[in-house]
Amino acid sequence: PPIVEKYLPGAWHRSDKDGRPVYILRLGHLDIKGMLRAVGEDALLRYALYICEQGIQKTNATSQISSWTLLIDLEGLNLRHLWAPARIAMRRFTEVMEQNYPETLGVVLIVQAPRLFPLAWTLVKSFINENTRRKCLVYGGNDYLEDDGIHSYIHREDIPDFLGGPCPCNIECNGLVPRDEYTRSTEDVLEKEAGLQSLYKNCTLKKGEIHEVQVEADVDGVITWDFDCVLGELQFTVSHRTFTQPQCNSSLAGLVEMAGITYSTTPSPTDHYTDTMVENSTVCNHLEGDSVQGSYYVSRPGFYVLSWGNSTPSSNPSSKSTFLYSIEMIEPKDYAGSMSSLTSSFSNLSSAGSSWNTSSVASWNSMVSR
């Protein structure tokens, strides 16, 4: 589709030192959410298979090689790329390509991996088979420029200009897909995948109502959230909750953590607990197509409350606000373990296991995408 050709920042670019053709994907500049809402998962899958077929044609042109190289640039990677439907689509792409094109991918060079990478890798590694994982070489920051960087695989004269090399690489990064190109709502995307329907919850609030979800978290854990404003206007906050009466913890936590709870008015915290805001309040509007992906690095153990309030103006004909939300709690052992596993897979891996640590996770924050 023309939309995919215009907004997918990827192209073939020369060959590596072993003669394998190189495909470059500037994933950090890919608006995967906009793509899914504009053309759908099937169209993106067909395009991915088309690239694989091109790779086979290029390798068949010579009898000396049987695989191609994938270079993934993660500059610009953010929480929008971790939208749950995008991860589900990526899982499907990976499974189809591993089943239909085994051993055609020689090596995967991942460059400019940001601090977000440990979280991203934790969320996607489960659906990438071990054989493919062993082919991945990850370079954080500017480590790809070091002597043992991508120069080991690509001739210096062929390194693309956007990575500091001398070779022109005309990959267009055209930004976000315009909203007027969307043909699917968030609900449409979710309805196609049964797993997503169970992952997301639907909530409607009347004027003045507040919906809360409480999460218990340990130090170095990461709380992630993803929600779309479908109707009206919302005000979203994240707070640390301190209970003044210990016996309140188990009963209230159990109720709220299972399904969340909606209050008709703002509850008074004075009797049993106090809330301290840890994330700046975010206002979202369905007219802008607001979608929020965010995460919070836990530096203090205890209970955290994610709350949404109906802030729809009284002048609005519909005083209700509706949103879809998903919350995930990632334990420190999960992302630390995934990075240790990745590091141990390669003898010449960049500093993926050392330069990304729990302190760097604290820089992740919320973002509103339109």
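Residues numbered from 1 in each chain as written. Predicted model: local features only at pLDDT ≥ 70, side-chain atom pairs only at ≥ 80, totals over all residues. Heavy atoms only, no water.

**Q** Explain the environment of Asp16 residue by residue, including any values.
**A** The residue Asp16 is located in the loop between β1 (10–15) and β2 (21–25) in this model. A residue is classified by how much of its surface remains accessible, and Asp16, at 4% relative accessible area, is buried. With 142 residues separating them along the chain, Asp16 and Asp158 place their C-alpha atoms 8.2 Å apart. Setting aside residues up to four positions removed in sequence, Asp16 forms contacts with Val22, Thr69, Tyr153 and Ile154. Among the polar contacts listed, one links the side chain of Asp16 to the backbone nitrogen of Arg20, at a separation of 2.8 Å. (Helix = DSSP H or I, 4+ residues; strand = E, 2+ residues; numbered from the N terminus. Buried < 20%, exposed > 50% of the residue type's maximum accessible area, 1.4 Å probe, protein only. Contact = heavy atoms within 4.5 Å. Polar contact = N/O pair within 3.5 Å; in protein donor to acceptor, adjacent residues only side chain to side chain.)

**Q** Mind laying out the state of the cysteines, listing which residues take part and the relevant values?
**A** One pass over the structure, following the stated rule, counts zero disulfides. Cys169 supplies the cysteine sulfur nearest to Cys167, a cysteine that is in no disulfide, at a spacing of 7.2 Å. (Disulfide = S-S within 2.5 Å.)

**Q** Can you explain the pattern of salt bridges? Please cite residues and give values.
**A** In the structure shown here, the tally under the stated rule is 14 salt bridges. The shortest N-O distance in the salt bridge between Asp16 and Arg20 comes to 2.8 Å. As far as burial versus exposure is concerned, Asp16 and Arg20 are alike and both buried. Each of Asp16, Asp18 and Arg20 takes part in a single network of salt bridges with overlapping partners. (Salt bridge = Lys/Arg side-chain N within 4 Å of Asp/Glu carboxyl O.)

These results come straight from atomic positions and should not be treated as a statement about function.
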